[in-house]
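In case you want the letters, here they are:
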There are 2 protein chains.
Amino acid sequence: MSLTNASPEAAASSAKTASFTLATLPASARNAALETIHAALSEAKDDILAANAKDLEAARKAAADGSLSQALVSRLDLGKKGKWEDMLKGILDVRGLDDPIGQVQMRSQLADGLTMERVSCPIGVLLIIFEARPEVIANIASLAIKSGNSAILKGGKESTESFVAISKAISAALEKTEVPNGAIQLVTTRDAISQLLDQDRYIDLVIPRGGNELVRYIKGATKIPVLGHADGICSIYLTASADKDKAITGVVDSKTSYPAACNSVETLLVQDTALPTVLPGIAAALSEKGVSLRCDPASKAALASLSLPNIQDAVPEDYDTEHLSLTLSVKTVPSIDEAISHINAHGSHHTDAIFTSDKAEAERFMNEVDSAGVYWNASTRLADGMRYGFGTEVGISTNKIHSRGPVGLEGLTIYKYKIRGDYQPTTGYGEGEGKIPWTHARLPL
Amino acid sequence: MSLTNASPEAAASSAKTASFTLATLPASARNAALETIHAALSEAKDDILAANAKDLEAARKAAADGSLSQALVSRLDLGKKGKWEDMLKGILDVRGLDDPIGQVQMRSQLADGLTMERVSCPIGVLLIIFEARPEVIANIASLAIKSGNSAILKGGKESTESFVAISKAISAALEKTEVPNGAIQLVTTRDAISQLLDQDRYIDLVIPRGGNELVRYIKGATKIPVLGHADGICSIYLTASADKDKAITGVVDSKTSYPAACNSVETLLVQDTALPTVLPGIAAALSEKGVSLRCDPASKAALASLSLPNIQDAVPEDYDTEHLSLTLSVKTVPSIDEAISHINAHGSHHTDAIFTSDKAEAERFMNEVDSAGVYWNASTRLADGMRYGFGTEVGISTNKIHSRGPVGLEGLTIYKYKIRGDYQPTTGYGEGEGKIPWTHARLPL
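If you're wondering where the values come from, they're calculated on a predicted model, not measured in any experiment. (Residues numbered from 1 in each chain as written. Chains lettered and ligands numbered in written order. Predicted model: local features only at pLDDT ≥ 70, side-chain atom pairs only at ≥ 80, totals over all residues. Heavy atoms only, no water.)

1. As for the overall build of chain A
Thinking step 1. Counting its secondary structure elements, chain A contains 14 helices and 18 strands.
Thinking step 2. For chain A, the C-alpha radius of gyration of 25 Å lies close to 22 Å, the compact-globule estimate for 445 residues.
Thinking step 3. Its C-alpha atoms give chain A principal-axis dimensions of roughly 80 × 65 × 35 Å.
Thinking step 4. Across the 445 residues of chain A, 61% fall into the buried class.
Thinking step 5. Considering only contacts within chain A whose residues lie at least 6 apart along the sequence, 73% involve residues at least 24 apart.
Thinking step 6. Counting only carbon and sulfur atoms, one obtains 50% of the accessible surface of chain A, whose full area is about 16400 Å².
Thinking step 7. Averaging the positions of the 44 positive and the 54 negative side-chain charges in chain A gives two centres separated by 3 Å. (Helix = DSSP H or I, 4+ residues; strand = E, 2+ residues; numbered from the N terminus. Rg over C-alpha atoms; globule rule 2.2 N^0.38 Å. Buried < 20%, exposed > 50% of the residue type's maximum accessible area, 1.4 Å probe, protein only. Contact = heavy atoms within 4.5 Å. Areas by Shrake-Rupley, 256 points an atom, 1.4 Å probe, with all protein chains shown as cover. Lys, Arg positive; Asp, Glu negative; His and termini not counted. Charge placed at Lys NZ, Arg CZ, Asp CG, Glu CD.)

2. Here we look at the pairing of strand β3 (residues 114-122) of chain B
Residue and element names in this part refer to chain B.
Thinking step 1. Among the 9 residues in β3, 8 count as buried, and that is most of the element.
Thinking step 2. As paired strands, strand β2 (residues 104-111) and β3 are joined by 6 bridges and run antiparallel to one another. Its bridge partner lying in β3, Met 106 is registered against Arg 118.
Thinking step 3. Inspection of the sheet shows β3 paired to strand β17 (residues 413-420) by 8 bridges, in the antiparallel sense. From the neighbouring strand, Thr 115 faces β17, where its bridge partner is Arg 420. (Pairing = 2+ DSSP bridges.)

3. Considerations on helix α9 (residues 212-221) of chain B
Along an α-helix, a turn takes 3.6 residues, which lines up residues three or four apart on a common side.
Residue and element names in this part refer to chain B.
Thinking step 1. Residues Leu 214, Val 215 and Ile 218 constitute the buried set of α9. Within α9, the buried residues cover an arc of 95° as seen down the axis, which keeps them to one side. Seen from the buried face of α9, the exposed residues on the opposite side, beyond 90 degrees, are Glu 213 and Gly 220.
Thinking step 2. Elements in contact with the buried residues of α9: β4 (125-130), α8 (193-197) and β7 (205-209). (Arc of directions from axis to C-beta.)

4. Concerning the domain arrangement of chain A
Residue and element names in this part refer to chain A.
Thinking step 1. Partitioning chain A into domains gives domain 1 (2-228 + 399-414) and domain 2 (234-382).
Thinking step 2. The gap between the C-alpha centroids of domain 1 and domain 2 is 34 Å.
Thinking step 3. Contacts between the two partners involve 9 residues from domain 1, matched on the other side by 6 residues from domain 2.
Thinking step 4. Buried area between domain 1 and domain 2, both sides added, is near 640 Å², and the carbon and sulfur share of it is 42%.
Thinking step 5. With a closest N to O distance of 3.1 Å, Asp 370 and Lys 400 form a salt bridge.
Thinking step 6. Linking domain 1 to domain 2 there are 3 residue pairs in polar contact (both at pLDDT 80 or more).
Thinking step 7. Per element, the largest residue contribution to the side of domain 1 that touches domain 2 is 3 residues, and it comes from helix α4 (residues 70-76). (Domains from an automatic or database assignment. Buried area = accessible area lost by both parts, 1.4 Å probe. Salt bridge = Lys/Arg side-chain N within 4 Å of Asp/Glu carboxyl O. Polar contact = N/O pair within 3.5 Å; in protein donor to acceptor, adjacent residues only side chain to side chain.)

5. Examining the side chain of Arg 118 of chain B
Thinking step 1. One can find Arg 118 of chain B in strand β3.
Thinking step 2. The exposure class assigned to Arg 118 of chain B is buried, which follows from its relative accessible area of 9%.

6. Some remarks on the packing of helix α2 (residues 27-43) of chain B against helix α7 (residues 160-174) of chain B
All names here are of chain B.
Thinking step 1. Following both chains from N to C, one finds α2 and α7 inclined at 135°, their axes separated by 8 Å at the closest point. Overall, the two elements α2 and α7 adopt an arrangement that is oblique. Seen along the crossing, α2 lies across α7 with a hand that is right-handed. On the side of α2, the interface is formed by Ala 33, Thr 36, Ile 37, Ala 40 and Leu 41, while α7 contributes Ile 166, Ala 169, Ile 170, Ala 173 and Leu 174.
Thinking step 2. For the contact of α2 with α7, the residue count by class is 9 nonpolar, 1 polar and no charged. (Axes fitted to C-alpha atoms, helices over the stretch in contact; angles between N-to-C directions. Parallel < 35°, antiparallel > 145°, perpendicular 65-115°, else oblique. Left-handed = near helix turned anticlockwise from the far one by under 90°. Nonpolar A, V, L, I, M, F, W, Y, C, P; charged D, E, K, R; others polar.)

7. Re the packing of helix α2 (residues 27-43) of chain A against helix α5 (residues 83-96) of chain A
Residues and elements named next belong to chain A.
Thinking step 1. Between α2 and α5, the shortest axis-to-axis distance is 9 Å and the interhelical angle comes to 165°. As summarised for this structure, α2 and α5 are arranged roughly antiparallel, according to the angle between their axes. Crossing of α2 against α5: the hand is left-handed. Residues Asn 31, Leu 34, Glu 35, Ile 37, His 38, Leu 41 and Ser 42 of α2 touch α5, and the partners they reach there are Trp 84, Met 87, Leu 88, Ile 91, Leu 92, Val 94 and Arg 95.
Thinking step 2. Of the residues in the contact of α2 with α5, the class split is 9 nonpolar, 3 polar and 2 charged.

8. Here we look at the sheet that holds strand β13 (residues 351-355) of chain B
Thinking step 1. The strand order across the open sheet formed by 11 strands is β18(A)-β2(A)-β3(A)-β17(A)-β14(B)-β13(B)-β8(B)-β9(B)-β12(B)-β10(B)-β11(B), and the pairing between neighbours is mixed. Either end of the sheet is taken by a strand with one partner, and the two such strands are β18 (441-442) of chain A together with β11 (311-313) of chain B.
Thinking step 2. Relative to β11 of chain B, strand β10 (residues 292-295) of chain B runs parallel, the two being bridged by 3 bridges. Counted as the bridge partner of Arg 294 of chain B is Gln 312 of chain B from β11 of chain B.
Thinking step 3. Against the sheet, helix α10 (residues 244-256) of chain B engages β8 (234-238), β9 (265-271), β12 (327-333) and β13 of chain B, with an angle of about 150° to β9 of chain B.
Thinking step 4. Here helix α11 (residues 279-288) of chain B sits on the sheet and contacts β8, β9, β10 and β12 of chain B; the angle it forms with β9 of chain B, its principal contact strand, is near 155°.

9. Things to note about the interface of chain A and chain B
Thinking step 1. Between chain A and chain B, the residue contacts involve 77 residues of the former and 77 residues of the latter.
Thinking step 2. Note on chain A versus chain B: buried area summed over both sides is about 6600 Å², and carbon and sulfur give 58% of it.
Thinking step 3. When the area that chain A buries against chain B is broken down by residue, the three leading residues are Lys 400, Ile 401 and Tyr 423 of chain A, summing to 14%.
Thinking step 4. Linking chain A with chain B are 10 salt bridges, by the criterion used here.
Thinking step 5. In this structure, Arg 118 of chain A engages Glu 410 of chain B in a salt bridge whose closest nitrogen and oxygen atoms are separated by 3.2 Å.
Thinking step 6. Put simply, chain A and chain B have 47 residue pairs in polar contact (both at pLDDT 80 or more) between them.
Thinking step 7. Elements with a minimum of two residues in the side of chain A that touches chain B: α1 (8-22), β2 (104-111), β3 (114-122), α9 (212-221), α10 (244-256), α14 (359-368), β14 (373-376) and β17 (413-420) of chain A.
Thinking step 8. Considering every element that reaches the side of chain A that touches chain B, the biggest residue donor is β17 of chain A, with 7 residues.
Thinking step 9. The residue makeup of the side of chain A that touches chain B, split by class, is 32 nonpolar, 22 polar and 23 charged.

10. Let's talk about the confidence of the model for chain A
Thinking step 1. Of all residues in chain A, 99% have pLDDT values of 70 or greater, and the mean over the chain is 93.
Thinking step 2. Taken over the whole predicted complex, pTM reads 0.91, whereas the ipTM for its chain interfaces reads 0.91. (pLDDT = per-residue confidence, 0-100.)

11. Digging into helix α7 (residues 160-174) of chain A
Thinking step 1. A rise of 1.5 Å per residue sets the reference length of α7 of chain A, with its 15 residues, at 21 Å; its end C-alpha atoms lie 21 Å apart and thus fit the reference within 8%.
Thinking step 2. Looking only at α7 of chain A, the buried set comprises Ser 162, Phe 163, Ala 165, Ile 166, Ser 167, Ala 169, Ile 170, Ser 171, Ala 173 and Leu 174 of chain A. (Expected span 1.5 Å × (residues − 1).)

12. Some remarks on the relation of the copies chain A and chain B
Thinking step 1. Of the transformation superimposing chain A on chain B, the axial component is 0.0 Å and the angular component is 180°, with the fit at an RMSD of 0.0 Å. When the rotation and shift are considered jointly, the pair of chain copies conforms to a two-fold rotation axis. No C-alpha of chain A lies nearer the rotation axis than that of His 402 of chain A, which sits 1.9 Å from it.
Thinking step 2. An overlap of 100% is found between the interface residues of chain A and their copies at the interface of chain B, pointing to a shared contact surface. (Least-squares fit on C-alpha atoms with pLDDT ≥ 70 in both.)

13. Some points on the pattern of salt bridges
Thinking step 1. Scanning all chains against the criterion turns up 47 salt bridges over all chains.
Thinking step 2. The salt bridge involving Glu 431 of chain B is made with Lys 89 of chain A; its shortest N-O contact spans 3.9 Å. One end of the pair, Glu 431 of chain B, is in the loop between β17 and β18 (441-442); the other, Lys 89 of chain A, is in helix α5, on a second chain.
Thinking step 3. On the basis of relative accessible area, Glu 431 of chain B is assigned to the exposed category, the value being 63%.
Thinking step 4. One salt bridge in this structure joins Glu 368 of chain B and Arg 364 of chain B, with 3.2 Å as the shortest N-O distance. With Glu 368 of chain B and Arg 364 of chain B both in helix α14 (residues 359-368), this residue pair falls 4 residues apart, about one helical turn.
Thinking step 5. The class for Arg 364 of chain B is partly exposed, based on a relative accessible area of 30%.

Put into structure tokens, the structure is as follows:
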């Protein structure tokens, strides 16, 4: 691992070379490297949190004068309850997972004496560009090493102090392991992003971890495939048959447990018949938690008698906005058809839920909503690699290919086909006189 | 299905709308549509081949004056032995495959009362851009319908007559099915490609079927993920322990059975100790088939006594060239290390083979060569969806994500996560006093 000032091209090239070695290391060597990283970070906790405090102080100042969002400050805070422990636990969780590499996913006999296997293997070189969230470095380094991929990390300037402190600890740790030096590259060169995005010869996948603007910029600026999500406009469709009391818990958790997260709910779609029955309790509970509601006329009217503070008129843009704060857009819909159409048109295909007691309605919603996560009576905040049991996550993808939803280890692998034969000519196979038939028989794994 | 003159944006938008309906059609309706298409094409065979003959005639003229490659003419020919029958058989093969949609790939209990399923679903809208190969229309239409995806097809001008004839037949056939009208869009508008590539709001995946230049242009011109391959520079590493007689069959098949195909071998790497033993018989057999050899000095010297015609001096660019014709680059290497390095640096990560009697050497080659297909004593021409038993193929991918190698039905699907719960707050889970533990237990499928 190196904290490098090398050119982006040199960093990418050496990461590629290292990837060939890393891909052939046994699981034991990759796991040992993770243990070494874990120990080094534990030991360096005080230094890292002190560095993070400097980043935080600068960020809070920037937030105070309006040049940085409060959401970003929140993401930066490594000292936030449980965050440090989660980061360290994530490394050991990843080590404890099954080796994703070398798994035979399919085995078949193509024809007599001709067998084929599909075997999982690393992707190659990953480029991870992140804004805040300094814990991403430890996450990505562990996931990359476990999955046999090289990784190039480029952090945002807001997390520079944390980034340098964490990377120093990881760098020193990796010197004691079999993981080759170039496998994890930390690029600190200013303005390196556009040059890194040109390295499609060496880099196989870009994973942006940041806001909408960053992701859109990256998608437009590179030929390399990009895995990630731009927005996180998640919705809950609240029906009249939802459990009145439990629905309060579900909506409050989805909105308030971490408003800056991409899996927080931003739009509450309310079935018209639920306006007088289920909505008021939810609105009151949200209001108590400090949530502002941006209501359409029907939902506003339904809540009028409660005299809640923080009720505002919604404007059309509210339904296309990721608030990332204690604000929730509320819209009344006459039916599940309208709810599904609204979500498919205005949502970001991330995570959407229906609250209902009707199983058939729930199944229809889950089948027809075109999102990575479709939930029945569950909090949108569940959309997370740890919560899904993947050990940790490299990000959440709203792509329609490769990996969708929380991306864990499996999303960092691809496969190759191995065929073993006896020099048979392909022209000898087929149907008809004198041809050898294909068997295409699945063999046990 | 419509052969449309609508704007690219309108075509993409209506394909997206249709995709939501198509995604919910049962397998029986999608399979019935394939049978209807099969019958319609069988019936229209004479008309389609007559149209194809017109395309071929124009292409042959263009090839004669040098404005079109012979490889493209070869790809255009729908009357070529077995091609029509393969196209029709492909449709029924696809119909006969298991439904790729709605498959539960993973089921787990996240915690008590909270279950998660990963279920396969269509990607959405595919954009297929192809140059020649008119059979692509039938292939793509069947694969898209079977997998519940909408498809927008844009053909090259060389195959216009064939394209119109095939699409007329398919279009009339689909009118009798439940597949919605907008699900298969055939765009004939000139110069529509750049506008189609801007429709990232509606189109989820671009699949170019054409040469290097087309693929590179597309990758640089769109934010939509692109699945495909640019080059097909496949290599065979011939070792001294290869079976002398069988190796002749293997190399001749890899080079001559369809030189215009992307899976034909372009480079023969020869272990130095194999120069006097294994190479001469292969060179003589290739020469007899009309293959020109571009040799490095060592291999040229080894063949000098044979006085073969068509032996030329290789230039460095030969090892980075997809000849797509009866030309083969030959290079001498001292060891498997050099062979692997050469392939990883100069190949196109498509399909590469080792010819050897040494199992350990073969396994090492297959593990370390970074290609979609890695073969031991097998022809590179095996890299094909039909030969792999996928029913047909949508293309061959050298991407490092999603789908690699021949892409069949599975490559046209993604998945969603369905979670069923009871409104539990996520804040209630975790470790420690009063927290509910995650179970993350795999459940049977």
